[in-house]
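Topology and contacts: notes
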Amino acid sequence: MDMQVTELDNGITEVILAGRLDMEGSGKIENAFTIATATDAAPVLVDLSQVDFIASIGMRLLVMNAKALNRRGSKMVLLTPQPLVGEALNVAGIDLLIPIFDDRAAAEADLQAAVS
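Throughout this description, residue numbers start from 1 for each chain and increase along the sequence as written. Reporting in this predicted model follows two pLDDT cut-offs: at least 70 for local features of residues, and 80 or more for side-chain atom pairs to be given and counted; totals over whole chains, interfaces and linings ignore these cut-offs and use all residues. The side-chain values count all of the structure's non-hydrogen atoms but skip hydrogen atoms and water molecules.

1. Notes on the sheet that holds strand S2 (residues 13-21)
Strand order across the open sheet formed by 5 strands is S1-S2-S3-S4-S5, with mixed pairing between neighbours. Two strands close off the open sheet at either side, each with one partner strand: strand S1 (2-7) and strand S5 (100-101). By the convention used here, strands pair only if DSSP detects at least 2 bridges between them. Helix numbering and strand numbering both begin at the N terminus, where a helix is a DSSP run of H or I of at least 4 residues and a strand a DSSP run of E of at least 2. Here 6 bridges tie S1 to S2, and the two strands are oriented antiparallel to one another. By the bridge assignment, Gln4 is partnered in S2 with Ile16. Contact between two residues is taken to exist if any of their heavy atoms lie within 4.5 Å; hydrogens are not considered. Structural elements are reduced to axes, namely lines fitted to C-alpha atoms, with helices fitted over the stretch in contact, and the angle between N-to-C directions of any two is expressed from 0 to 180 degrees. Contacts between helix H2 (residues 56-71) and the sheet are confined to S2, strand S3 (44-54) and strand S4 (76-79), with S3 contributing the most and set at about 175° to the helix. Taken strand by strand, helix H4 (residues 104-115) contacts S2, S3, S4 and S5, and its axis lies near 175° from that of S4.

2. Let's talk about the pattern of salt bridges
Opposite charge on two side chains lets them pair, provided their charged atoms get close. We count a salt bridge whenever a side-chain nitrogen from Lys or Arg sits within 4 Å of a carboxyl oxygen from Asp or Glu. Within this structure, the stated rule accounts for 4 salt bridges. Among the salt bridges present, the one from Lys75 reaches Asp110, with a minimum N-O distance of 2.5 Å. Pair noted here: Lys75 is in the loop between H2 and S4 and Asp110 is in helix H4, with a separation of 35 residues, a long-range link. Residues Glu108 and Arg104 are paired through a salt bridge, measuring 3.0 Å at the closest nitrogen-oxygen approach. Here Arg104 and Glu108 lie together in helix H4, a separation of 4 residues that amounts to about one turn. The network of salt bridges with common partners includes Glu14, Arg104 and Glu108.

3. Points about the side chain of Ser26
Take Ser26: it is sitting in helix H1 (residues 23-38). Here's how the labels work: a residue is buried when its accessible area is under 20% of the maximum for its type, exposed when over 50%, partly exposed in between, all with a 1.4 Å probe on protein chains only. Ser26 gets classed as buried once you look at its relative accessible area, which sits at 4%. Among residues more than four places away in sequence, those in contact with Ser26 are Arg20, Leu21, Ile57, Gly58 and Leu61.

4. Looking at the packing of aromatic side chains
Two rings from Phe, Tyr or Trp (for Trp, the six-membered ring) form a pair when their centres are within 6.5 Å of each other. A pair whose planes differ by under 30 degrees is stacked, one over 60 is edge-to-face, and the rest are tilted. Summed over all chains, the structure comprises 0 aromatic pairs. Directly above the aromatic system of Phe53 lies the positively charged group of Arg20, at a separation of 4.3 Å from the ring centroid. By definition, being over a ring means that NZ of Lys or CZ of Arg is both within 6 Å of the ring centre and within 35 degrees of the ring normal.

5. A short note on the pairing of S2
Within S2, 7 of the 9 residues are buried, which leaves it mostly tucked inside the rest of the structure. The turn linking S1 back onto S2 is made up of 5 residues, and Gly11 within it adopts a positive phi angle of 90°. Pairing analysis gives 8 bridges linking S2 to S3, with the strands arranged parallel. When the sheet's bridge partners are listed, Gly19 is paired in S3 with Val51. Handedness of a crossover: with both strands directed away from the viewer, a clockwise path from the first strand across the helix to the second marks it as right-handed. Between the parallel pair S2 and S3, the chain is carried across by H1, and the sense of this crossover is right-handed.

Structural data, given as structure tokens:
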């Protein structure tokens, strides 16, 4: 599992994940992901377009950090999951907790509106 973090000009933290969010992949990025997403009040856009598998432990990682952001008055959204990953997120009900977008502009607009 690879992770890239970028602070965008509009104040959004973008996290790009690549690989498998299974036990091994989640364990590899857990601390860095939490530091990048939940220790600040900046809104977070998590790009899942390069994640080809997600297990319940990966979903847990996303939900725990999204809830931490919510407690800080901010928000997380997920962007362009691959079809099987998106289906797994929907079946698990993650889409009810963390909005999922296929359009980057809409995702960024949602984040900016939520924290304004």
